[in-house]
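Below, each chain spelled out in residue letters.
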Amino acid sequence: MKKIAGRHSRHVPIGKAPRPGHKRLVQEPRMSSEKSKILVVGATGHLGRHVVAASARLGHPTFALVRDTAPPNPAKAALLQSFRDGGVTLLKGDLADYGSLVSAAKHADVVISTVGVRQIADQTRLIDAIKEAGNIKRFVPSEFGLDADRTAAVEPIRSLIIDSKAAVRRAVEASGVPYTYAWTGYFFSYGLPGIGQVLAQSPPADNNAVVVLGDGDSKVSYVDEGDIGTYTVLAACDPRAENKTLYIKPPANTLSHNELLDLWEKKTGKKFERVHLDEDAVLKQIREDPVPFKSILLSIGHAVYIKREHEFEIDKSAGVDASELYPDVKYTTVDDYLNRLL
């Protein structure tokens, strides 16, 4: 696998804001000398904090919409303080408060939403607020996963997430607000801790078999959350990505489950038995698993590993490749991440 330099000197760790003078190793596309003002909705979530950090690091006046600017939870309070330390402006509001959305949108040129599953459908309220504000040049709705217009994902993921995302897309397009959709493969923190196993959150023990969905040969894309933040912010201000889908598929991070396991075995010097589940077995487990969260993960895994939904050519009329637009981004590779697990 091609080794690409890591981005540890470039990215701000989770919860840590960039300091003044922090060296930037990413060159943005040549546009206006004035930086776009960026509002992040869902700023304290798993992905949102990375988008906030990337926006601030890249020199954008950055605003974070938060429900409580002085939360009692110590970890969240520390995260918000790190935002402030990095020059991020906190705006109080949420998707249930329409007035707060309009007010927040008026501060920005670009709105990036990273809200979680339960709030996907509520983004139609955000779209209405953006249209009322009248000053937003780009909206990035919360996508960051399977392509809502292309996937054949089965239940429960379809009605829980996919249909809602598709409805939001139609609302964005009907509004006339310029948009960018962001497609990603598996987030590192979801796809790699179990070395590609959908329901595992740690590497296999010495005496454990590895569960592989399908034949293990379908190509799968993995991407670091910090890199998602960087690519998303760059594209949100880039005319080349307007009204298109940004595909975040770092080339060194696209490999099959079998190749991922081969890499792990090489690093550890161990061999693991591979137990393959065919499509019928996976669908049966999705239907019968009493834990809804597991069924959700399995339905995503079914789409990716068995239906091969990460294997596609980008339609250049409707999409752009993040790696081609921003070749100078020193993204984190799968190889880098696996080294952390040793």
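Just above, that's the structure.
Predicted model only: the values in this text are computed from it and were never measured.

A.B. asks: Lay out the pairing of strand S10 (residues 244–248) with the relevant residues and their values.
C.D. replies: Among the five residues that make up S10, four are buried, leaving the element largely enclosed by the rest of the structure. Two elements, strand S6 (residues 180–184) and S10, share five bridges in a ladder whose sense is parallel. When the bridges of S10 are listed, Thr184 appears paired with Ile248.

A.B. asks: Go over helix H12 (residues 334–341), please, and point to the residues and values.
C.D. replies: Because each turn of an α-helix spans 3.6 residues, side chains separated by three or four positions end up pointing in the same direction. Residues of H12 that are buried: Val334, Asp335, Asp336, Tyr337 and Leu338. Among the structural elements, helix H6 (188–191), strand S9 (219–223), strand S11 (254–256) and helix H8 (257–268) are those in contact with the buried residues of H12.

A.B. asks: So what about the nonpolar core? Which residues, and what values?
C.D. replies: Counting 40 residues, the largest nonpolar core has Phe83, Ile112, Tyr231 and Leu246 as its most contacted members. Secondary structure elements with two or more residues in this core: strand S1 (38–41), helix H1 (48–57), strand S2 (62–66), helix H2 (74–85), strand S4 (110–113), helix H7 (225–236), S10 and helix H11 (322–325). No other element matches the six residues that H7 contributes to this core. If near-sequence neighbours (up to four positions away) are discounted, Ile112 is found in contact with Ile38, Leu39, Val40, Val41, Val51, Val140, Thr232, Val233 and Ala236. Residues Ile162, Leu261, Trp264 and Val282 belong to the second largest nonpolar core, which totals 34 residues.

A.B. asks: Can you lay out the environment of Ala200 for me, pointing to particular residues and giving the numbers?
C.D. replies: If you trace the backbone, Ala200 turns up in the loop between H6 and strand S8 (210–213). Between the C-alpha atom of Ala200 and that of Asp97, which follows or precedes it by 103 residues, the distance is 38 Å.

A.B. asks: For the sheet that holds S9, give the residues involved together with the corresponding values.
C.D. replies: Spatially, three strands are ordered S7-S9-S11 in an open sheet, and the strand pairing comes out mixed. With one partner strand each, in any of the chains shown, strand S7 (186–187) and S11 form the two edges of the open sheet. Across three bridges, S9 lies against S11 in antiparallel orientation. Bridging from a neighbouring strand, Ser221 pairs with Thr254 of S11. Running over the sheet, H8 touches S9 and S11 and is turned about 90 degrees from S11.

A.B. asks: Tell me what's going on with the pattern of salt bridges, and back it up with residues and numbers.
C.D. replies: Enumeration over the complete set of coordinates arrives at 21 salt bridges. A salt bridge links Glu242 to Arg138; the shortest N-O distance between them is 3.9 Å. Of the two residues, Glu242 is situated in the loop between H7 and S10 and Arg138 in strand S5 (residues 138–140); the sequence distance between them amounts to 104 residues. Ionic pairing is found between Lys284 and Glu288, a salt bridge with its closest N-O pair at 2.9 Å. Of this pair, Lys284 and Glu288 both sit in helix H9 (residues 279–288), four residues apart, which is roughly one turn of the helix.

A.B. asks: Which residues make up the packing of helix H3 (residues 98–105) against helix H4 (residues 123–133), and what are the values?
C.D. replies: For the pair H3 and H4, the least separation of the axes is 8 Å and the interaxial angle reads 50 degrees. The angle between H3 and H4 places the two elements in the oblique class. In the crossing of H3 with H4, the sense of the turn from one axis to the other is right-handed. The segment H3 lies against H4, with Tyr98, Leu101, Val102 and Ala105 engaging Arg125, Leu126, Asp128, Ala129, Glu132 and Ala133. Among the residues forming the contact of H3 with H4, the class breakdown is seven nonpolar, no polar and three charged.

A.B. asks: Outline the packing of aromatic side chains, supporting the account with residue identities and numerical values.
C.D. replies: Applying the stated rule across the entire model yields nine aromatic pairs. Relative to Tyr222, the ring of Tyr186 has its centre 6.1 Å away and its plane inclined at 20 degrees; by these criteria the two rings are stacked. Taken together, the residues span a long stretch of sequence, with Tyr186 in strand S7 and Tyr222 in strand S9 at a distance of 36 residues. Of the two residues, Tyr186 and Tyr222, neither departs from the other in class, the shared state being buried. Positioned above the aromatic ring of Phe312, the side-chain terminus of Arg150 is 4.2 Å from the ring centre.

A.B. asks: Talk me through the sheet that holds S4; I want residue IDs and the actual numbers.
C.D. replies: The sheet built from five strands is open, its strands ordered S3-S2-S1-S4-S5 with parallel pairing. Pairing within the sheet leaves two strands with one partner each, and these edge strands are strand S3 (89–92) and S5. Neighbour-to-neighbour, the strand axes of the sheet open up by a mean angle of 20 degrees, direction not taken into account. With four bridges joining them, S2 and S3 adopt parallel strand pairing. Counterpart to Val66 in the pairing with S3 is Lys92.

Conventions used here
Numbering of residues starts from 1 in every chain and runs along the sequence as written. For this predicted model, a pLDDT threshold of at least 70 governs which residues receive local features, and a threshold of 80 or more governs which side-chain atom pairs are given and counted, while totals over whole chains, interfaces and linings are taken from all residues. Think of the side-chain values as coming from all heavy atoms in the structure, minus any hydrogens and water. Accessibility here uses a 1.4 Å probe with only protein chains present; expressed as a share of the type maximum, an area under 20% marks a residue as buried, one over 50% as exposed, and anything in between as partly exposed. To qualify as a helix, a DSSP run of H or I must reach at least 4 residues; to qualify as a strand, a run of E must reach at least 2; elements of each kind are numbered from the N terminus. Note on pairing: DSSP must find at least two bridges between two strands before they are called paired. Residue contacts are counted whenever heavy atoms from the two residues lie within 4.5 Å of one another. We call a set of buried Ala, Val, Leu, Ile, Met, Phe, Trp, Tyr and Cys residues a nonpolar core when their side-chain atoms join them within 4.5 Å. Angles run from 0 to 180 degrees between N-to-C directions of axes, and those axes are lines fitted to C-alpha atoms, restricted for helices to the stretch in contact. For this document, the term salt bridge refers to a Lys or Arg side-chain nitrogen within 4 Å of an Asp or Glu carboxyl oxygen. Note on angle classes: values under 35 degrees are labelled roughly parallel, values over 145 roughly antiparallel, values of 65 to 115 roughly perpendicular, and the remainder oblique. Each crossing is labelled by how the near helix is turned from the far one, with a counterclockwise turn of less than a right angle marking it left-handed and a clockwise turn marking it right-handed. Each residue gets one of three labels, nonpolar for Ala, Val, Leu, Ile, Met, Phe, Trp, Tyr, Cys and Pro, charged for Asp, Glu, Lys and Arg, and polar for the others, Gly among them. What counts as a ring pair is set by centres within 6.5 Å for rings of Phe, Tyr and Trp (its six-membered ring), and what kind of pair is set by the plane angle: stacked under 30 degrees, edge-to-face over 60, tilted for all other angles. Any Lys NZ or Arg CZ that is within 6 Å of a ring centre and within 35 degrees of that ring's normal is treated as a charge sitting over the ring.

In short, geometric facts, not functional conclusions.
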